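Listed below, chain by chain, are the residues.
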Amino acid sequence: MRLTRRDFLKKTGILTAATALHAMPQQTIRARPVLDTKLLTPFVDPLPQPPVAQSSGTRPSPDNPQRQARYYQIAMQEFESQLHRNLPATRLWGYGSSFPGPTIETRSDEPVLVEWVNSLPQKHFLPIDHNLHGAERSKPDVRAVVHVHGAKTPAHNDGYPEDWYVPGKSAVYCYPNKQDAAALWYHDHAMGINRLNIYAGLAGIYFVRDDFEDSMHLPSGEYEIPLVICDRMLDSKGQLYYPESGNPEAPWIPEFSGDILLVNGKILPYLKVEPRKYRFRLFNVSNSSSFYLSLSNNAPFTQIGTDQGLLSAPVQVAKLMIAPAERADLIVDFSKYRGEKIVVLNNVLPMMQFRVASGAPEQKPLAASLRPVPKMLESTAIKTRMLSLDEYRDRAGDSMIMLLNRSRWHMPITERPLLDSVEIWELINTTDDQHPIHLHLVRFQILERRTFDKFTYQYKKTLRFTGPAIAPDANEAGWKDTVRAEAAMVTRIIVRFEGYPGRYVWHCHNLEHEDNEMMRPYEVVAPGSVGAALPSVTPPSIPMCSARTS
Ligand code: C2O
Ligand code: CU
Ligand code: CU
């Protein structure tokens, strides 16, 4: 028997008796009038760049009091920003007073402390679904907690989804930065409302730099440009609009796709460039949209890095696919295009424009090899886990819940890798959707993708492959922290759980899925610790950050 989402909620006791009594008519929602995008003249606003975060001095580093850590104080707050010249200002929630928030510049092995202050209003302006786990009516509407995506962070500073705090409170997190140069990003991670908080604008860049990267002499300073991209919908007044399901009691939607693209918080901006090489640091911070990017003059991108840093060698990419939370480090050489105007396209839709100056071209060659990426060998893995990605639909065929390994968030922890051990995770995607799967704390390599027989898997719990193993794309053959688990395929990754013991999470980075149970805790266990000997158990509640100020 198939259940509707409402039945499912009822069955699982999520729906209260009172709301269950009213049969809610579907599709009754009054959609807000949506902005006519034809009103927006393309390429009239210059591309903004997020400000660089300014530290307010140093403090002793908690992990090593002999060392000083740079100290930042960053507030989450409401502000207004003009997304396009033809629009009135749009209300946003963000870090500091910009979207993207202030860029945090760090160096490998130099610890940083950030006091994340929740100065948001008391009321949310986007539609909370109180049926979702962690977003019940008993919880405050406005909650926030910051996670630095891709950072190797001790567990109690990692922004555990249940470690949220309300306006007026703050937390000090320490980031040791014991990792290679990479483009990381910070964003909200509050349980059950994460999709709304990030949609409102709670995201920013976090760069780790190191000597090795410096030695490559890549374009830097004004020639290194971050491009933070996402899609949104605006109403006729130019305000953020987040669609609802049509059921006022359960407004959650299974994915978001907007008709407006923002680059660094602007719609259809332009950037003046010189006829030379530029380095673009691309971040897909969308809720659930992947982008398929190309240049209007058919010039390729040269990709030099992925989520967790440089590739071993540059890769030419004609069309760049980038899923939610993935990053791409790109070189574009404008020296051959003096005086041209080049549009960046997402499929066929314009996203932004480059205006190449007509001065003398500058051509400095790019190194033929970058940072070695030693291949992780399958023989080093001490465990292989089969982990399914599942979707449950209602009678109408609409998604109602997505799970990892058929388990919900609050069920006992099942993934308990040993600290420093290597494991293979087989992400068995039984759904017809791609899911960008992200593991906190670690970096990993993609081994392969492969089609499989769903039937044999569902009924016999064994994997019968139906096609050849497909190697990762050339631009994925580096260190990753987010991987596209393709529809109806097994995606195999190999991971070393290095860094710190403790409780982390892994999840789908489609934020609508993540907020509706497609997220699970996992625990890195120190060898020899009591926990290492135990079978899966419900973990003790996580200790609060010792540096929490209020
Ligand atoms: Cu981008 Cu759980 O993180
Ligand atoms: Cu993360
Ligand atoms: Cu998903």
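Residues numbered from 1 in each chain as written. Chains lettered and ligands numbered in written order. Predicted model: local features only at pLDDT ≥ 70, side-chain atom pairs only at ≥ 80, totals over all residues. Heavy atoms only, no water.

Structurally, Asp398 can be placed in the loop between β22 (383–393) and β23 (399–404). Residue Asp398 is classed as partly exposed on the basis of its relative accessible area of 40%. The spacing of Asp398 and Pro167 is 231 residues in sequence and 35 Å in space, taken between C-alpha atoms. Those residues in contact with Asp398 that sit more than four places away from it in its chain are Tyr392 and Arg393. (Helix = DSSP H or I, 4+ residues; strand = E, 2+ residues; numbered from the N terminus. Buried < 20%, exposed > 50% of the residue type's maximum accessible area, 1.4 Å probe, protein only. Contact = heavy atoms within 4.5 Å.)

This part takes up the sheet that holds strand β12 (residues 266–267). Taken in spatial order, the seven strands line up as β12-β11-β10-β14-β19-β16-β17 in an open sheet, and their pairing is mixed. Of all the strands in the sheet, just β12 and β17 (309–317) have a single pairing partner and so form its edges. As paired strands, strand β16 (residues 301–306) and β17 are joined by five bridges and run antiparallel to one another. Its bridge partner being in β17, Phe301 is matched across the sheet by Val317. (Pairing = 2+ DSSP bridges.)

Turning to the coordination of the copper ion (ligand 3), a few remarks are in order. Angles at a metal have ideal values that depend on geometry: 109.5 degrees with four tetrahedral donors, 90 or 180 degrees with six octahedral donors. All of the protein donors around the copper ion (ligand 3) are His435 (ND1), Cys508 (SG) and His513 (ND1); their distances to the metal are 2.0 to 2.2 Å. Each donor residue of the copper ion (ligand 3) belongs to the same chain, with the gaps between them written as H-x72-C-x4-H. Note on accessibility: Cys508 and His513 belong to one class, buried. (Donors = N, O, S within 2.8 Å, 3.2 Å for Na, K, Ca; no water.)

In this section: the sheet that holds strand β30 (residues 519–524). Two modes of strand pairing occur in sheets, parallel and antiparallel, and in both the strands are linked by backbone hydrogen bonds. On the basis of which strands lie adjacent, the open sheet formed by four strands has the order β27-β25-β29-β30 and antiparallel pairing. Whereas interior strands pair on both sides, the edge strands pair on one side only; in this sheet they are β27 (482–485) and β30. Sheet twist, expressed as the mean angle between neighbouring strand axes with direction ignored, is 25 degrees. When strand β29 (residues 502–508) meets β30, the two strands line up antiparallel, connected through six bridges. Opposite Val505, over in β30, you have Pro521 as the bridge partner. (Axes fitted to C-alpha atoms, helices over the stretch in contact; angles between N-to-C directions.)

The subject of this paragraph is the coordination of the copper ion (ligand 2). Every protein donor of the copper ion (ligand 2) is listed here as His147 (NE2) and His438 (NE2), and their distances to the metal cover 1.9 Å. Of the two residues, His147 is situated in strand β6 (residues 146–149) and His438 in strand β25 (residues 435–439); the sequence distance between them amounts to 291 residues. What makes His147 buried here is its relative accessible area of 1%. Under the relative-accessibility criterion, His438 is labelled buried at 0%.

The next subject is the nonpolar core. Counting 96 residues, the largest nonpolar core has Trp116, Ile437 and Leu439 as its most contacted members. Shared between two domains, this core takes at least three residues from each, and those domains are domain 1 (46–210) and domain 2 (378–533). (Core = buried A, V, L, I, M, F, W, Y, C linked by side-chain atoms within 4.5 Å. Domains from an automatic or database assignment.)

Before going further, it helps to examine the environment of His509. Looking at the element boundaries, His509 is found in the loop between β29 and α6 (511–515). A sequence separation of 185 residues divides His509 from Pro324, and the C-alpha atoms of the two residues are 6.2 Å apart. Looking at His509, its side chain comes within polar contact range of the side chain of His149, at 3.2 Å. (Polar contact = N/O pair within 3.5 Å; in protein donor to acceptor, adjacent residues only side chain to side chain.)

It is worth spelling out the domain arrangement of the protein at this point. On domain assignment, one finds that the protein holds domain 1 (46–210) and domain 2 (378–533). Here the C-alpha centre of domain 2 lies 26 Å away from the C-alpha centre of domain 1. In this assembly, domain 1 packs against domain 2 so that about 2100 Å² is buried in total across both faces, 57% of it on carbon and sulfur atoms. Remark: the boundary between domain 1 and domain 2 carries two salt bridges. (Buried area = accessible area lost by both parts, 1.4 Å probe. Salt bridge = Lys/Arg side-chain N within 4 Å of Asp/Glu carboxyl O.)

Among the secondary structure elements, Phe207 is positioned in strand β9 (residues 203–209). Sequence separation between Phe207 and Asp235 is 28 residues, and the spatial gap between their C-alpha atoms is 34 Å. Leaving out residues up to four positions away in the same chain, Phe207 has contacts with Thr103, Ile104, Glu105, Thr106, Ala182, Ala183, Arg281 and Phe283.

Okay, the pattern of salt bridges next. Inspection of the entire model under this criterion finds 36 salt bridges. Taking the shortest distance from any N to any O, the salt bridge between Arg371 and Asp180 comes out at 3.6 Å. Linking Arg371 in the loop between β21 (349–356) and β22 with Asp180 in the loop between β7 (170–175) and β8 (182–188), this pair joins segments that are 191 residues apart in sequence. You can call Arg371 buried: its relative accessible area is 15%. Classification of Asp180 by relative accessible area gives partly exposed; the value is 26%. With a shortest N-O distance of 2.8 Å, Arg195 and Asp515 are connected by a salt bridge. With Arg195 in helix α3 (residues 194–200) and Asp515 in helix α6, this pair connects stretches of sequence that are 320 residues apart. Each member of the pair, Arg195 as well as Asp515, carries the same accessibility label: buried.

As enumerated under the stated definition, the model contains zero disulfides in all. Free of any disulfide, Cys230 has its nearest neighbouring cysteine sulfur in Cys508, separated by 17 Å. According to the relative accessible area criterion, Cys230 is buried, its value standing at 0%. Taking relative accessible area as the criterion, Cys508 reaches 0% and is therefore assigned buried. (Disulfide = S-S within 2.5 Å.)

Position of Asp129 among the secondary structure elements: in the loop between β5 (112–118) and β6. Judged by relative accessible area, Asp129 falls into the buried class, the value being 0%. Within the structure, the side chain of Asp129 is placed 2.9 Å from the backbone nitrogen of Trp252, a separation counted as a polar contact.

Scanning all chains against the criterion turns up 24 aromatic pairs. For the ring pair Trp93 and Phe125, a centre distance of 5.3 Å and an interplane angle of 65 degrees mean the geometry is edge-to-face. In this pair, Trp93 sits in strand β3 (residues 90–95) while Phe125 sits in the loop between β5 and β6, placing the two residues 32 residues apart along the sequence. Here the two residues Trp93 and Phe125 agree in accessibility, since each one is buried. Taken together, a centroid distance of 4.9 Å and an interplanar angle of 75 degrees make the contact between Tyr199 and Phe256 edge-to-face. Pair noted here: Tyr199 is in helix α3 and Phe256 is in the loop between β10 (224–232) and β11 (260–263), with a separation of 57 residues, a long-range link. Side by side, Tyr199 and Phe256 carry an identical accessibility label, which is buried. Here the aromatic residues Tyr223, Tyr278, Phe280, Phe334 and Phe354 are joined through ring pairs into a cluster of three or more. Between Arg450 and the ring centre of Phe465, over which it is positioned, the NZ or CZ distance is 4.4 Å. (Phe/Tyr/Trp six-rings, centres within 6.5 Å; stacked < 30°, edge-to-face > 60°. Lys NZ or Arg CZ within 6 Å of the ring centre and 35° of its normal.)

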